[in-house]
Amino acid sequence: MNDTAPDHFSHRLELRLDHLPAKTSDRIALNILYPGILFGTLLFLLGSYEFFNGLAYSGQTAFGGFMTEAQLEEVTTLINPTIFDLVLMVLGLGIVIALILSYIRYKKIWFDGKTIEIVYRPAWGDKIFCREKLTGYKGVRFRVEFFQFGIVNKNRYIIELLHDDPAKIVPLYISTKDKDIRKIWEYYAKKLKMPAVMSTDEGEVYRSIEDLNKPLLKMAAEGLIKDDFNPDSPLPKTIACARKKDKIVVKGRKIVWDAFNWLFIFCGSGLLIFAAANYSRIAARLSQKPALILMGILGVLVIAAIWILLRKDKLVIKADKIVHVHKFMLFSRKHDEIGKKEIEEIDVTLNPVSGRYFVSLISDRKNIIFGKKLPIEDLRWVKKFLIHEIISAR
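How each quantity is defined
- Residues numbered from 1 in each chain as written.
- Predicted model: local features only at pLDDT ≥ 70, side-chain atom pairs only at ≥ 80, totals over all residues.
- Heavy atoms only, no water.
- Helix = DSSP H or I, 4+ residues; strand = E, 2+ residues; numbered from the N terminus.
- Buried < 20%, exposed > 50% of the residue type's maximum accessible area, 1.4 Å probe, protein only.
- Contact = heavy atoms within 4.5 Å.
- Areas by Shrake-Rupley, 256 points an atom, 1.4 Å probe, with all protein chains shown as cover.
- Pairing = 2+ DSSP bridges.
- Axes fitted to C-alpha atoms, helices over the stretch in contact; angles between N-to-C directions.
- Patch = residues over 30% accessible without salt bridge, like charges linked within 9 Å, V, L, I, M, F, W, Y side chains within 5 Å.
- Salt bridge = Lys/Arg side-chain N within 4 Å of Asp/Glu carboxyl O.
- Lys, Arg positive; Asp, Glu negative; His and termini not counted.
- Charge placed at Lys NZ, Arg CZ, Asp CG, Glu CD.

### Considering the overall build of the protein chain
- Within the protein chain, the regular secondary structure consists of 10 helices and 18 strands.
- Buried residues in the protein chain amount to 46% of all 394 residues.
- Considering only residue pairs separated by 6 or more positions, the protein chain has 59% of its internal contacts joining residues 24 or more positions apart.
- Carbon and sulfur atoms form 60% of the exposed surface of the protein chain, whose accessible area is close to 21,200 Å².

This is the structure we're talking about:
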């Protein structure tokens, strides 16, 4: 599939078309910028304090009265405090610089009803000006991106004007909340009198404004959607499907972790081990009680992060609705649900950031995402199975 997904900077953006001309700005939010700069600065200052103070003490006085020379040598050999301090300094400075560069870059967008004007300011270099007629655009595309917010994966819902040139793709609406996202998508398609577009595993799928608001069951009755699921097809290896008395449960068989998950666990665990190995040094500077509290907080954060990473998703298909459940090690929690009569779209869609696909269940009010890291062929099976269960039960 030809991916034409540009990098938008905002997590909240809206180009209102009720009053023209309209304008908006695509830029990193200050509520993300300021806390990030503060966190990076604190890391840099902490690393600097420990680094220069450690040089003054030569690694000896901070442990005096707590450890023997043999123990001190063993700890220093295990993890060199100077290297760790330098890592904190580089990490903190890197966070600050990256956020400042992110704020420097922006896109400003103007629309007068017929023409789109874009001013793009990169982190380096001159501003880039772009002007394009509305007739040069292909449609209004809806897509979902996953982004990392600390240790948590979040979704970013994007509605944009699609163009063959990625530099001319214009964000119309961006949010981290899926409330009324289908209605908002319909709003822009109707206002601009353009078809709605989704990027799926089969390429760009176009839908007319008239069909965009039809429930899946109605489209099936009109022959716009077909049930081509084969009940004799083998169950994918990554999918578990259990039929019970009043429901069907579909879930991934195992947890799939990516490089970021492993990196976070490695760094978090390494930091905890370092703090434990240097407990005497920390206690000498903070006193014993604050040192224990600091290590306890760090331990809780690492355990909580691992707990979140162990989460599995499942879909519970009931007589009149589909329930999305987050399953943890010791309990399950309902995340969301959509009535079968409300579902207007089930498709395998692309996250252009990671290059991975997932199954989307979309209604006017909600959007359920399942199988973020599963193989594309298995997701296609899930899509066909869900459509079959909804259509056959009508």
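### Considering the sheet that holds strand E12 (residues 248-252)
- If you walk across this open sheet you meet the 5 strands as E11-E12-E13-E14-E15, and the pairing is antiparallel. Since the sheet does not close on itself, it has two edges, and those belong to strand E11 (239-243) and strand E15 (332-339), each with one partner. Pairwise comparison of adjacent strand axes, ignoring direction, gives a mean angle of 20 degrees for this sheet.
- As defined by bridge partners, strand E14 (residues 321-327) adjoins E15 across 7 bridges and the pair is classed as antiparallel.

### Considerations on a positive patch on the surface
- On the surface, Arg12, Lys154, Lys177 and Lys179 cluster together into a positively charged patch.
- Turning to its location among the elements, Lys179 is positioned in the loop between strand E8 (170-175) and helix H4 (181-192).
- Given a relative accessible area of 62%, Lys179 falls into the exposed group.

### Points about the environment of Pro375
- One can find Pro375 in the loop between strand E18 (367-370) and helix H10 (376-392).
- Under the relative-accessibility criterion, Pro375 is labelled partly exposed at 39%.
- In this structure, the C-alpha to C-alpha distance between Pro375 and Thr238, residues 137 residues apart in sequence, is 8.1 Å.

### Quick notes on the pattern of salt bridges
- Tallied over the full model, the rule gives 22 salt bridges.
- Two residues, Glu145 and Arg143, come together in a salt bridge whose shortest N-O distance is 2.5 Å.
- Relative accessible area serves as the criterion here: at 5%, Glu145 is assigned to the buried category.
- Notably, a salt bridge pairs Glu222 with Lys214, separated by 2.8 Å at the nearest N-O pair.
- Residue Glu222 is classed as partly exposed on the basis of its relative accessible area of 39%.
- Classification of Lys214 as buried rests on a relative accessible area of 17%.
- Through salt bridges with shared partners, a single network forms among Arg141, Arg143, Glu145, Arg156 and Glu160.

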